[in-house]
Amino acid sequence: PPRSTLFPYTTLFRSLILILLTAALTSHANAQLRYPPETKNAALRYWIAFAEMKDLPADKATQDLLEQTLSAQALWDEKKIAPILDANKFAIDIMQRATKLPDCDWGLEYTQGPSASIAYAPRARALSRLNTLEGMRQLAAGNTQAATDTWLAGVRFSQDLARGGSLIFTLMAKSALLANLRTLNLAAANGQLTAAERQQVTAALRARSEE
């Protein structure tokens, strides 16, 4: 056919290709905007969890109740403790997901020595305690698998805390670790964990000790 006859179809074909390529690139770009690469650094997620935390009640009665519950000196009080956990559920969930990430770099200015900021330490301690209480709440409701998962997340969080590099973080990590191990051991001793859950705990602790 004459060249003049083919030209309109060639132009149309090129236009269609251009439209398809533009659509594909736009779709890819939109997908990247919706789902950017996720971080592997747990500390970045922990910072977000700290920011999402709500202030705990400051009255002595509530503070004493939380302390006694954590140390197994008081029975679980759903009416008084549940609202505190509900207010911090979003932060607790972020923390638990963060414990599954492989790395943890708090980004501290170690070159500053003793003057390096550790302002997040109180919130890290508070969040660890809230997580332990969340596991107690799940156990009281009969959800032993959720309680097991929550306390094991607390164990992983305690290990990430120990990576802070200073004595205060080592002490916080030890306190958090013991709190979760104590609740796990007590639940197992009372026959509240299934055989599968006990095996899960044993395997998780063994894997952590080998890291």
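Our subject is the structure listed above.
In every chain, residue numbers begin from 1 and rise along the written sequence. Given that this is a predicted model, residues contribute local features only at a pLDDT of at least 70 and side-chain atom pairs are listed and counted only at 80 or more, while totals for whole chains, interfaces and linings are drawn from all residues. The basis for every side-chain value is the complete set of heavy atoms in the structure, and neither hydrogens nor water enter the calculation.

A.B. asks: Provide a residue-level description of the layout of surface pockets, including the pertinent values.
C.D. replies: Its boundaries defined by the atoms lining it, the largest pocket holds a volume of some 280 Å³. A cavity, in this analysis, means grid points on a 1 Å lattice covering only the protein atoms where a 1.4 Å probe fits yet has no way out; a pocket is instead an open set bounded by protein on both sides within 12 Å along at least five of seven lines, and a residue lines either one if it has an atom within 4 Å of a point. What lines the largest pocket is a set of 15 residues, and nearest its centre among them are Thr 69, Trp 76, Met 136, Leu 139 and Leu 186. Think of it this way: any DSSP run of H or I at least four residues long counts as a helix, any run of E at least two long counts as a strand, and we number them from the N terminus. Of all the elements in the fold, those that place two or more residues in the lining of the largest pocket are helix 3 (60-70), helix 6 (121-140) and helix 8 (167-189). Here the lining of the largest pocket gets 4 residues from one element, more than from any other, and that element is helix 8. Partitioned by chemical class, the residues of the lining of the largest pocket number 11 nonpolar, 3 polar and 1 charged. Grid points are joined across faces, edges and corners, and a volume is the space filled by probe spheres set on the points. Residues are sorted three ways: Asp, Glu, Lys and Arg are charged, Ala, Val, Leu, Ile, Met, Phe, Trp, Tyr, Cys and Pro are nonpolar, and all the rest, Gly among them, are polar.

A.B. asks: How would you sum up the packing of aromatic side chains? Please name residues and give values.
C.D. replies: Two rings belonging to Phe, Tyr or Trp (six-membered ring only in the last case) form a pair when the distance between their centres is within 6.5 Å. Interplanar angles under 30 degrees mark stacking, angles over 60 mark edge-to-face geometry, and anything in between is tilted. Throughout the structure, instances matching the rule amount to 9 aromatic pairs. Relative to Tyr 120, the ring of Phe 50 lies with its centre 5.8 Å away and its plane at 15 degrees, an arrangement referred to as stacked. With Phe 50 in helix 2 (residues 42-52) and Tyr 120 in the loop between helix 5 (89-98) and helix 6, this residue pair connects regions lying 70 residues apart in the sequence. Residue Phe 50 shares its accessibility class with Tyr 120, and that shared class is buried. Centre to centre, the rings of Trp 106 and Tyr 120 are 4.7 Å apart; their planes meet at 15 degrees, and the pair counts as stacked. Of this pair, Trp 106 sits in the loop between helix 5 and helix 6 while Tyr 120 sits in the loop between helix 5 and helix 6, and the two are 14 residues apart along the sequence. The burial state of Trp 106 is the same as that of Tyr 120; both residues are buried. Aromatic ring contacts, followed pair by pair, group Tyr 46, Trp 47, Phe 50, Trp 106, Tyr 120, Phe 157 and Phe 169 into a single cluster. Only protein chains enter the accessibility calculation, which uses a 1.4 Å probe. A residue is then buried if its area is under 20% of the maximum for its type, exposed if over 50%, and partly exposed in between.

Honestly, that's just the spatial picture; any functional story needs more than this.
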